[in-house]
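Listed below are the residues making up each chain.
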Amino acid sequence: MGYYGSQALYVAAKLGIADLVAEGPVAVNDLAAAVEADADALHRILRLLVVSGVFEMDSDGRVGLNRAAKSLRIGTRGSMRDLVLVFGEEFYQAFANLLDAVRTGRDAFRITFGRGLFEYLGEHSDRARQFDRAMGAGAVFFNFIPASYDFSDLKTVVDVGGGNGSLLASILGAYPHLQGVLLDVRSVVEAAHSALQSEGLSDRVTLVSGDFFESIVGGGDAYLFSRILHDWTDEQCRTILANCRRVIELTGRILVVERLLPGTYATAADVNMLAVTGGRERSEEEFAKLMSQTGFRLSRVLPVPLEYNVIEGVPV
Ligand SMILES: C[S@@+](CC[C@H](N)C(=O)[O-])C[C@H]1O[C@@H](n2cnc3c(N)ncnc32)[C@H](O)[C@@H]1O
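All of the points below concern the structure found in this document. Predicted model, so just to flag it, every value in this text is computed and none were measured.

With respect to the site of the ligand
At step 1: Contacts to the ligand come from 19 residues, most closely from Gly161, Asp184, Asp211, Ser226 and Arg227.
At step 2: The backbone of Gly210 places a nitrogen or oxygen atom 3.5 Å from a nitrogen atom of the ligand.
At step 3: Coverage of the ligand by the protein chains reaches 93% of its 590 Å² of free accessible surface.
At step 4: Residues from two domains meet in the shell around the ligand; each of domain 2 (86–135) and domain 3 (140–315) gives at least three.

Here is the structure:
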């Protein structure tokens, strides 16, 4: 029954209900008129959300914000709305084919949309920007990484598949001497440009568009792989890491940011990877093996919130 709740949440997020009640409680009929929805159906969806702890409803049936509902607002700091939209749209449709994914070993996204997630995002720029914002929304733990890992001795950090640059921004913000390089596909790099500019970091970050399966830019003394390896099969991960090993100095290091199995979130995220990317979550031993197969040694694991870890590897 979990999807009753997740789809109800999606409907409220998509219709922008939280913004409509931001100034104070509003009657469901008025909300329905504002979003051109059926008042009875909207009432029933909101009633489920209220009993699930999202939104409040007063004795006159007017809907108001609570803490959880506030996180559905559009574009506010800490908003989770884009994450709800991503899970509620293509990911949800992909999960409808989970059985076929299990029968065939192919990812459910590919079965549903005829192409892999990142190929699809490359073809749909509005979805790609929404995905980037969703990754940003699910990245509150980024702020803990500069305190958990000491970047003082480093000069240049390359963020491989760095998305909208928010992890790089958080690290460069904490270490003013550092330079950054953001490597991602062209459309993502172009979008990251303005985000980094508004953070005042454009002179400290070099943007590189490229394909990490082809090559990885040299010159970094640390290479970040945040939520990258879990998108790919072991064989694909070996290609990515081997490309890094080709350019990294012996004194360099890789910093893989991932959850580790058998954690609770990691176990759930692993099924998400099965459905939407064809990748997988991994245990510490599995990361150690991938590293040893590509010329690295797993040297340390530093935990950060939300079950994430900075998994350090050094070239051997
Ligand atoms: C799951 S997101 C992670 C983004 C960011 N590192 C984070 O933790 O929020 C994966 C990123 O890999 C990028 N990516 C996918 N395929 C790529 C490729 N072949 N070469 C470079 N980047 C790629 C995507 O555009 C996306 O930004």
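Details of the packing of helix H1 (residues 2–15) against helix H4 (residues 39–51)
At step 1: Where H1 contacts H4, the axes come no closer than 9 Å and their chain directions differ by 120°. By the angle between their axes, H1 is oblique relative to H4. In this structure, H1 meets H4 at a crossing whose hand is left-handed. Touching Tyr4, Gly5, Ala8, Leu9, Val11, Ala12 and Leu15 of H1 are Leu42, Ile45, Leu48 and Leu49, all from H4.
At step 2: Here the residues of the contact of H1 with H4 sort into 10 nonpolar, one polar and no charged.

Some remarks on empty space enclosed by the protein
At step 1: Under the counting rule described, the total for this entry stands at one cavity of 30 Å³ or more.
At step 2: The computed volume of the largest cavity comes to approximately 80 Å³.
At step 3: Taken together, Val86, Glu90, Phe91, Phe109, Leu117, Tyr120, Leu121, Arg127, Gln130 and Phe131 make up the full set of residues lining the largest cavity.
At step 4: Elements with a minimum of two residues in the lining of the largest cavity: helix H7 (90–95), helix H10 (117–123) and helix H11 (125–137).
At step 5: A class-by-class count of the residues in the lining of the largest cavity yields seven nonpolar, one polar and two charged.

Let's talk about the pattern of salt bridges
At step 1: Overall, the coordinates contain 12 salt bridges when judged by the stated rule.
At step 2: Residue Lys14 is joined to Glu89 by a salt bridge in which the shortest nitrogen-to-oxygen separation is 3.0 Å. Taken together, the positions of Lys14 in helix H1 and Glu89 in the loop between helix H6 (81–88) and H7 put the pair 75 residues apart, joining distant regions of the chain.
At step 3: For Lys14, a relative accessible area of 41% corresponds to the partly exposed category.
At step 4: Residue Asp19 is joined to Arg73 by a salt bridge in which the shortest nitrogen-to-oxygen separation is 3.1 Å.

Each value, and the rule that gives it
- Residues numbered from 1 in each chain as written.
- Predicted model: local features only at pLDDT ≥ 70, side-chain atom pairs only at ≥ 80, totals over all residues.
- Heavy atoms only, no water.
- Near = heavy atom within 4 Å.
- Polar contact = N/O pair within 3.5 Å; in protein donor to acceptor, adjacent residues only side chain to side chain.
- Areas by Shrake-Rupley, 256 points an atom, 1.4 Å probe, with all protein chains shown as cover.
- Domains from an automatic or database assignment.
- Axes fitted to C-alpha atoms, helices over the stretch in contact; angles between N-to-C directions.
- Helix = DSSP H or I, 4+ residues; strand = E, 2+ residues; numbered from the N terminus.
- Parallel < 35°, antiparallel > 145°, perpendicular 65-115°, else oblique.
- Left-handed = near helix turned anticlockwise from the far one by under 90°.
- Contact = heavy atoms within 4.5 Å.
- Nonpolar A, V, L, I, M, F, W, Y, C, P; charged D, E, K, R; others polar.
- 1 Å grid on protein atoms, 1.4 Å probe; cavity = no way out; pocket = protein on both sides within 12 Å on 5 of 7 lines; lining within 4 Å.
- Points joined across faces, edges and corners; volume = space filled by probe spheres on them.
- Salt bridge = Lys/Arg side-chain N within 4 Å of Asp/Glu carboxyl O.
- Buried < 20%, exposed > 50% of the residue type's maximum accessible area, 1.4 Å probe, protein only.

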